[in-house]
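A look at the structure
Residue strings, one per chain:
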Amino acid sequence: MTTKSQLPNNDVELEDLNLNSPLNFNNFQVDDIDMGETVNVTILIDNSGSMSGYKDILNEEINMMIDTWQKWHHAPKIFLSIGTFGSTIEVITGFQPIINVKPHVFNPNESSTKLYDGCKEFLKNIIKQQQDAMKAGIQTKNIFFVLTDGADNDSNYDSANEIKKMISVVLKDEQTMGSFGAVMCGIGEPSVFEKAKDNMGFQKLFTIDPSLTEKENAKRLKEMFGWLSTSVSSASSMPGSLINF
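This write-up is about the structure you can find in this document. (Residues numbered from 1 in each chain as written. Predicted model: local features only at pLDDT ≥ 70, side-chain atom pairs only at ≥ 80, totals over all residues. Heavy atoms only, no water.)

You will see that Asn 26, though not glycine, has its phi angle at about 50°, which is positive. When you line up the elements, Asn 26 lands in the segment before β1 (37-46). Residue class for Asn 26 comes out exposed when judged on its relative accessible area of 58%. (Helix = DSSP H or I, 4+ residues; strand = E, 2+ residues; numbered from the N terminus. Buried < 20%, exposed > 50% of the residue type's maximum accessible area, 1.4 Å probe, protein only.)

Structure (structure tokens):
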């Protein structure tokens, strides 16, 4: 049996992907991981100014979620990377043990939305960390979560296609299939985010209607982060299980 699978009508394979990034993620060294499986979670947040109305609930929910994860008995398996995208792309932390991650204050204030460019660079890091882990004999499960309130308006023209290609390779390769899930939460017109989801090949989409009351939107965001927390719990508490949204 071959150890890798090719894409239909496309001979790009896992080791052929260009994972070089201009960003410095400073990931935890896989050689220092002393377990056979990790759950790698990436949270990427829209930092454009239009998100400023959600910053209080965003900071409250994300930092509460991190605090909760740090107290779980399976916390040693969880590694977290956090970043933002707007007119720039920022790495807040590369993959680090959840116990080492400090609270962060999000303050959305940038002028544009590099959704595709941000997702592309963080996806490169997800796949590279997974490849490094596999070489060290460590299996990884990967959950990629993206929150935005608008369409991309500032990325390189081909970034969405590159994302879709990378996700397709990971989902079909025999070494990594079942180990990756990408989910987007969009605040706004659902059709905008359906298009972005399809353009990038993400597997799951949540949408929130901004015309609802502030209280109702806060409730929806809490529910969405609750879903993410439950997904991480399931992935970390069941060794060998697949990521299945």
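We are not done yet, so read on.
Looking now at the nonpolar core. Judged by nonpolar contacts, the single largest core of 37 residues is most densely connected at Leu 115, Cys 119, Leu 123, Phe 144, Met 200 and Phe 202. At the level of elements, β2 (78-85), α2 (115-135), β4 (139-148), α3 (159-172), β5 (180-187) and α4 (190-200) are the ones that each hand at least two residues to this core. Broken down by element, this core gets its largest block of residues, 9 residues, from α2. Apart from the residues lying within four places of it in its own chain, the contact partners of Cys 119 are Leu 44, Phe 144, Val 146, Ile 163, Met 200 and Phe 202. If you look at the next biggest cluster of nonpolar residues, it comprises 36 residues, including Met 65, Phe 145, Leu 221 and Leu 228. (Core = buried A, V, L, I, M, F, W, Y, C linked by side-chain atoms within 4.5 Å. Contact = heavy atoms within 4.5 Å.)

Take Thr 42: it is sitting in strand β1. Not counting the four nearest positions on each side in its chain, Thr 42 is found in contact with Ser 81, Phe 95, Phe 122, Ile 126, Ile 143, Phe 144 and Phe 145.

Turning next to empty space enclosed by the protein. Counting across every chain of the model gives 1 cavity of 30 Å³ or more. Taken together, Val 30, Ile 33, Thr 38, Asn 40, Phe 79, Gln 129, Ala 133 and Thr 140 make up the full set of residues lining the largest cavity. At the level of elements, β1 and α2 are the ones that each hand at least two residues to the lining of the largest cavity. (1 Å grid on protein atoms, 1.4 Å probe; cavity = no way out; pocket = protein on both sides within 12 Å on 5 of 7 lines; lining within 4 Å. Points joined across faces, edges and corners; volume = space filled by probe spheres on them.)

Each aromatic ring pair is characterised by the separation of its centres together with the angle its planes make. If you walk through the whole model with that rule in mind, you get 7 aromatic pairs. Considering the side-chain rings of Phe 145 and Phe 225, the 5.8 Å spacing of their centres and the 50° angle between planes classify their relative orientation as tilted. In this pair, Phe 145 is assigned in strand β4 and Phe 225 in helix α5 (residues 214-237), connecting sequence segments 80 residues apart. On the basis of relative accessibility, which here comes to 0%, the residue Phe 145 falls in the buried class. A network of ring pairs unites the aromatic residues Phe 206, Trp 227 and Phe 245 as a single cluster. The ring of Phe 206 has Lys 204 lying over it, and the distance from NZ or CZ to the ring centre is 5.3 Å. (Phe/Tyr/Trp six-rings, centres within 6.5 Å; stacked < 30°, edge-to-face > 60°. Lys NZ or Arg CZ within 6 Å of the ring centre and 35° of its normal.)

This part takes up α2. Between its terminal C-alpha atoms α2 stretches 31 Å, which fits the 30 Å expected from 21 residues at 1.5 Å a residue. The element α2 is largely enclosed, with a buried count of 18 among its 21 residues. Where α2 terminates, the next one or two residues include Gly 137, which has phi positive at roughly 80°. (Expected span 1.5 Å × (residues − 1).)

What follows concerns the pattern of salt bridges. Summed over the entire model, instances satisfying the criterion amount to 10 salt bridges. One connected set of salt bridges, linked through shared partners, spans Glu 37, Lys 77 and Lys 141. (Salt bridge = Lys/Arg side-chain N within 4 Å of Asp/Glu carboxyl O.)

The geometry of a pair of packed helices is captured by two quantities: the angle between their axes and the separation between those axes. Viewed as axis vectors pointing N to C, helix α1 (residues 55-71) and α5 meet at an angle of 25°, and their least axial separation amounts to 10 Å. Comparing their axes, α5 and α1 come out roughly parallel. Once α1 is placed against α5, the crossing between them reads as right-handed. Touching Ile 57, Leu 58, Glu 60, Glu 61, Ile 62, Met 65 and Trp 69 of α1 are Ala 218, Leu 221, Lys 222, Phe 225, Leu 228, Ser 229 and Val 232, all from α5. Split into classes, the residues belonging to the contact of α1 with α5 amount to 10 nonpolar, 1 polar and 3 charged. (Axes fitted to C-alpha atoms, helices over the stretch in contact; angles between N-to-C directions. Parallel < 35°, antiparallel > 145°, perpendicular 65-115°, else oblique. Left-handed = near helix turned anticlockwise from the far one by under 90°. Nonpolar A, V, L, I, M, F, W, Y, C, P; charged D, E, K, R; others polar.)

Quick look at the layout of surface pockets now. Of the volumes computed, that of the largest pocket is approximately 290 Å³. Lining of the largest pocket is provided by 17 residues; of these, Asn 27, Asn 125, Lys 128, Gln 129 and Asp 132 occupy positions nearest its centre. By residue class, the composition of the lining of the largest pocket is 5 nonpolar, 8 polar and 4 charged. Taken together, 13 residues form the lining of the second largest pocket, with Ser 231, Ser 234, Ala 235, Leu 242 and Asn 244 sitting closest to its centre. If you tally residues by element for the lining of the second largest pocket, the top one is α5, at 5 residues. By residue class, the composition of the lining of the second largest pocket is 7 nonpolar, 5 polar and 1 charged.

The next thing to look at is the state of the cysteines. Inspection of the entire model under this criterion finds 0 disulfides. In this structure Cys 119 is not part of a disulfide, and its nearest cysteine sulfur, from Cys 185, lies 13 Å away. For Cys 119, a relative accessible area of 0% translates into the label buried. (Disulfide = S-S within 2.5 Å.)

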